[in-house]
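Below are the chains, spelled out letter by letter.
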Amino acid sequence: MKVAWLGRTAYPKAWLLMKSLHRAVVTGQAEEVILVTEHEPVVTVGKHGRLNNVLRWDIPVYVVERGGDATYHGPGQAVIYPILRLRWPLRRYIDALEDAVIKTLRRYGIEAVKNPSHRGVWVGWRKIASVGIAVENNVAYHGVAINVSLDVEEFMRINPCGLPPSTMISMKDLGVSADVKEVGIETSINLAHMLGIHADVVSKPPEAPPIAEELKPAQAPPSSLLQPSREINQI
């Protein structure tokens, strides 16, 4: 399996690459891969999420295939997209995503844990990494986002995963200086090892035939419908 760093990307461009590679892995035209990136500022909402958890529509908002609700991506956040054939129970795979993050954070002196009530990775009552995946044709995609050095005030534009914005925390908030690329690559290698897969870091992702799909921004609901949801949703 390859691990490829994409640098900073606009979300639609990374999404199109992820979807193309997902299709190629499903059809046997490409090997499994983990894409690592940091995005330009964007909000994404899972397909069963609620647009009323978006409180400010000042940056692009996209509804995507993954589970969960609203989250923010931006500079200073390591985003990891494994595109893998599932040969484990789904719960074990999601556990491995969280465990890979926990192992990475431990090396930086941060003791993080899982939360039995909410998916993601937590430091005390604060959430430092969010998980949201999709599975189609037994191939998983989307993944996990780790708050490295971003300003968590950016989350004030949403109810992240249906939770209060103040829930979010970053490695920087905990006094840890880290590089987004290094955190993303290390977490990817940890995940591969936990799943028993050999991984090589490469300079560019595998080639895949492009798909004829386009990701269009969501439109803000009428203001009368923009009351925050009280339902707790997980990403």
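Before reading further, recall that the structure is shown in the block above.
Residues numbered from 1 in each chain as written. Predicted model: local features only at pLDDT ≥ 70, side-chain atom pairs only at ≥ 80, totals over all residues. Heavy atoms only, no water.

K.L.:
Talk me through the nonpolar core; I want residue IDs and the actual numbers.
P.N.:
Within the largest apolar cluster, 43 residues are counted, with the highest numbers of intra-cluster contacts made by Tyr 93 and Met 171. Those elements that provide at least two residues to this core are strand E2 (33-39), strand E6 (77-85), helix H2 (90-107), strand E8 (118-123), strand E9 (126-136), strand E10 (139-147) and helix H3 (180-194). In terms of residues, this core owes the most to one element, H2, which gives 8 residues. Counting residues in hydrophobic clusters, the runner-up holds 21 residues, among them Val 33, Val 42, Tyr 62 and Val 64. (Core = buried A, V, L, I, M, F, W, Y, C linked by side-chain atoms within 4.5 Å. Buried < 20%, exposed > 50% of the residue type's maximum accessible area, 1.4 Å probe, protein only. Helix = DSSP H or I, 4+ residues; strand = E, 2+ residues; numbered from the N terminus.)

K.L.:
Mind laying out helix H1 (residues 11-27), listing which residues take part and the relevant values?
P.N.:
Taking 1.5 Å per residue, 17 residues should reach 24 Å; H1 reaches 24 Å between its end C-alpha atoms and fits that length. What H1 keeps buried is the set Tyr 11, Ala 14, Trp 15, Met 18, Lys 19, Ser 20, Leu 21, His 22, Ala 24 and Val 25. (Expected span 1.5 Å × (residues − 1).)

K.L.:
Run through the packing of aromatic side chains, naming residues and quoting values.
P.N.:
Scanning the model with the defined rule gives 3 aromatic pairs in all. An angle of 75° between the planes, with centres 5.6 Å apart, marks the rings of Tyr 72 and Phe 155 as edge-to-face. Placement of the pair is Tyr 72 in strand E5 (residues 70-73) and Phe 155 in the loop between E10 and H3, with a sequence separation of 83 residues. The same class applies to Tyr 72 and to Phe 155, which are both buried. Taking 6.1 Å as the distance between ring centres and 10° as the angle between the ring planes, the aromatic pair formed by Trp 88 and Tyr 93 counts as stacked. Across from the ring centre of Tyr 108, 4.8 Å away, lies the NZ or CZ of Arg 107, which sits over that ring. (Phe/Tyr/Trp six-rings, centres within 6.5 Å; stacked < 30°, edge-to-face > 60°. Lys NZ or Arg CZ within 6 Å of the ring centre and 35° of its normal.)

K.L.:
Run through the sheet that holds E10, naming residues and quoting values.
P.N.:
In space, the 8 strands of this open sheet follow the order E7-E8-E9-E10-E6-E2-E1-E11, with mixed pairing throughout. Each having just a single partner strand, strand E7 (113-115) and strand E11 (200-202) make up the two edges of the open sheet. Between one strand axis and the next, the sheet turns through 25° on average, direction left out of account. The pairing of E8 with E9 spans 3 bridges and is antiparallel. Bridging from a neighbouring strand, Trp 122 pairs with Lys 127 of E9. Contacting strand E1 (2-9), E2, E6, E9 and E10, H1 crosses the sheet at an angle of about 145° to E10. (Pairing = 2+ DSSP bridges. Axes fitted to C-alpha atoms, helices over the stretch in contact; angles between N-to-C directions. Contact = heavy atoms within 4.5 Å.)

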